[in-house]
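# Fold and geometry: a report
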Amino acid sequence: MDLDAITKYSALHVKPSGLVLQYGTAGFRTKAEHLDHVMFRMGLLAVLRSKQTKSTIGVMVTASHNPEEDNGVKLVDPLGEMLAPSWEEHATCLANAEEQDMPRVLMDISVKAAVNLQQDAFVVIGRDTRPSSEKLSQSVIDGVTVLEGQFHDYGLLTTPQLHYMVYCRNTSGQYGKATIEGYCQKLSKAFTELTKQAFYSGDEYRSLKVDCANGIGALKLREMEHYISQELSVQLLNDGTKGKLNHLCGADFVKSHQKPPQGMEMKPNERCCSFDGDADRIVYYYLDVDGHFHLIDGDKIATLISSFLKELLLEIGESLNIGVVQTAYANGSSTRYLEEVMKVPVYCTKTGVKHLHHKAQEFDIGVYFEANGHGTVLFSKAAEIRIKQLAKELEDKKRKAAKMLENVIDLFNQAAGDAISDMLVIEAILTLKGLTVQQWDALYMDLPNRQLKVKVADRQVISTTDAERQVVTPPGLQEAINDLVKKYKLSRAFVRPSGTEDIVRVYAEADSQENADSLAHAVSLAVFQLAGGVGEPPQAVSCPY
Ligand code: 16G
Ligand code: MG
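Residues numbered from 1 in each chain as written. Chains lettered and ligands numbered in written order. Predicted model: local features only at pLDDT ≥ 70, side-chain atom pairs only at ≥ 80, totals over all residues. Heavy atoms only, no water.

If you look the protein chain up in an unreviewed UniProt entry, it shows as Phosphoacetylglucosamine mutase from Vulpes vulpes. Listed under Sequence similarities (unreviewed entry) in UniProt, the entry text for the protein chain is "Belongs to the phosphohexose mutase family." (UniProt positions renumbered as here; feature names shortened; annotations may be inferred.)

Counting its secondary structure elements, the protein chain contains 18 helices and 19 strands. The C-alpha radius of gyration computed for the protein chain amounts to 23 Å, which stays within 12% of the reference 24 Å derived for 545 residues, consistent with globular compactness. Along the first, second and third principal axes, the C-alpha set of the protein chain runs to 65 × 60 × 45 Å. Looking at the protein chain residue by residue over its 545 residues, the buried ones come to 60%. Intrachain contacts of the protein chain at a sequence separation of at least 6 include 70% that bridge at least 24 residues. For the protein chain, the accessible surface area stands at approximately 22,400 Å², while carbon and sulfur atoms represent 50% of it. Here the protein chain holds 58 positive side-chain charges and 71 negative ones, and the gap between their average locations is 2 Å. (Helix = DSSP H or I, 4+ residues; strand = E, 2+ residues; numbered from the N terminus. Rg over C-alpha atoms; globule rule 2.2 N^0.38 Å. Buried < 20%, exposed > 50% of the residue type's maximum accessible area, 1.4 Å probe, protein only. Contact = heavy atoms within 4.5 Å. Areas by Shrake-Rupley, 256 points an atom, 1.4 Å probe, with all protein chains shown as cover. Lys, Arg positive; Asp, Glu negative; His and termini not counted. Charge placed at Lys NZ, Arg CZ, Asp CG, Glu CD.)

For the rest of this paragraph, the subject is the packing of helix 2 (residues 36-53) against helix 5 (residues 133-146). Where helix 2 contacts helix 5, the two axes come as close as 7 Å, and the packing angle between them is 40°. Taken as axis vectors, helix 2 and helix 5 run oblique relative to one another. Our pair here, helix 2 against helix 5, has a crossing hand that is right-handed. Only Leu 136, Ser 139, Val 140, Asp 142, Gly 143, Val 144 and Val 146 of helix 5 make contact with helix 2, whose side of the interface consists of Asp 36, Met 39, Phe 40, Gly 43, Leu 44 and Val 47. Residue composition of the contact of helix 2 with helix 5, by class: 8 nonpolar, 3 polar and 2 charged. (Axes fitted to C-alpha atoms, helices over the stretch in contact; angles between N-to-C directions. Parallel < 35°, antiparallel > 145°, perpendicular 65-115°, else oblique. Left-handed = near helix turned anticlockwise from the far one by under 90°. Nonpolar A, V, L, I, M, F, W, Y, C, P; charged D, E, K, R; others polar.)

Here the focus is the coordination of the magnesium ion (ligand 2). The protein atoms donating to the magnesium ion (ligand 2) are Ser 64 (OG), Asp 276 (OD), Asp 278 (OD) and Asp 280 (OD), with metal-donor distances spanning 2.0 to 2.2 Å. Going along the chain, you hit the donors of the magnesium ion (ligand 2) in the pattern S-x211-D-x1-D-x1-D. Exposure class is identical for Asp 276 and Asp 278. Each is buried. (Donors = N, O, S within 2.8 Å, 3.2 Å for Na, K, Ca; no water.)

What follows covers the sheet that holds strand 13 (residues 365-369). The pairing of strands in a sheet happens through backbone hydrogen bonds and is either parallel or antiparallel. Strands sit in the order 12-11-13-14 across an open sheet of 4 strands; the sheet is mixed. Two strands in the sheet have a free side with no partner beyond their single neighbour: strand 12 (346-349) and strand 14 (375-379). Strand-to-strand, the axes of this sheet are offset by a mean angle of 20°, without reference to chain direction. Pairing analysis gives 4 bridges linking strand 11 (residues 322-327) to strand 13, with the strands arranged parallel. When the bridges of strand 13 are listed, Val 325 appears paired with Tyr 368. Across the sheet, helix 10 (residues 298-316) lies against strand 11, strand 13 and strand 14, angled at about 165° from strand 13, the strand it touches most. (Pairing = 2+ DSSP bridges.)

Attention shifts here to the pairing of strand 13. Within strand 13, 5 of the 5 residues are buried, leaving the element largely enclosed by the surrounding structure. Side chains of strand 13 alternate between two faces, with Ile 365, Val 367 and Phe 369 and Gly 366 and Tyr 368 buried alike. Connecting strand 13 to the antiparallel partner strand 14 that follows it, the hairpin turn spans 5 residues, and Gly 373 within it adopts a positive phi of roughly 105°.

The following block contains the structure:
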């Protein structure tokens, strides 16, 4: 390591002294103007990680659904996964080292992680459409270059596309070609073959309005559009030509405000969906004939997909095990429907894609979705091989089902939840089953629910267990929640410190919206009182937004 060169180049990406950031569930995320040194240092770290794993590592510059002024960065591990936990710690140490200590901290990491510095390194970089992203990704490249790593800058990419590229490169192209063309070809081929099996092909199933959050999803869906235009016509809204990124639009806005994004004109019963700012989340929705808004979130997406997969498995007579993975935010009705009606085992993990992804890897077929629309389906290698074999061996209807499953495997981005890929799977399933958006929505009725935020002096005073469904500290808080929950029917509530904002999140559901609101408010007050609330005590919910 040329420490002099590192010191010299680092001086061009000086850390504001005293600034402390943490590599959280979604990497580093804050105001773009505070991130230049972090980007440079993540370039350095990606080189070390690449040398250590002898694989290509990804660096994505994005702040997903955050406001346009923010930015962020995360590293992608060799098989497209999130960075390993021990390296998240290294990332935090390196980002927070004061300027003069940074080269030493870098050396320490390379010693601790037993990095062979002679090994070659290769890093791929992607970025979203934020105004700050181009310059920040240049700072990543500076870091990679100082440590003499090789790199490929993909420029504008969705987050899942970067995960895909990393996965392709580390499996010598077996998963697919590590280009945008390769990505579009792989997905569109699987989509076209799958939808060809449809009995229904009326026009009503073939068009979809997509709110692209004024982000990268618009550019990348445009690139995909001509590959799929025979089967599906997509109308892109909030495509970045006018509005601001994530402002009054995108999956996060629609999910948390439970209303349509700005710029979306919806006719009754028209199928619409929203991506988030880096296109790794998707939610669907429609207006009914009375003008009421219906949200179809990640839970209902998981239900549609797993019931389809179960039917295909039944058809081919193969007993591969399916598991559905959710978080505490999953609507109670979805969990009940999956377990009691569909008889699929459901598991709950902590919030954050990496936890769900990890759990889903335990099954032959692991379906995971957060209620907010992050998710995908993972097929074990053994399941994939078996299905491909059956698609050759079986006959007639069974063979057709096995072939469809084969297409489904190719259509899901196995490296990460991907709004474009999920959208194509959903559209294919709706077409194949001849389902309208209302019929899909009617699978079960969501329990009314409410999410609130509480400001406290130090959110880390709240610790949780049982996949965040129970509070451990501060003492007395869980008992208080239990007492409140008992007062309502079909009720449930939990609280957890946010991993991305300096607040505590409160979730409650109950038999009516009024009761869900009232329970959420009562729990917020308990948090405020027992966990060191600051400012005004939480007000009763009339309309929290
Ligand atoms: C991050 C996570 C997301 C999670 C959210 C929770 C990834 C890629 N993203 O955005 O999965 O739902 O954080 O945020 O893991 P919160 O901790 O503020 O509630
Ligand atoms: Mg996102």
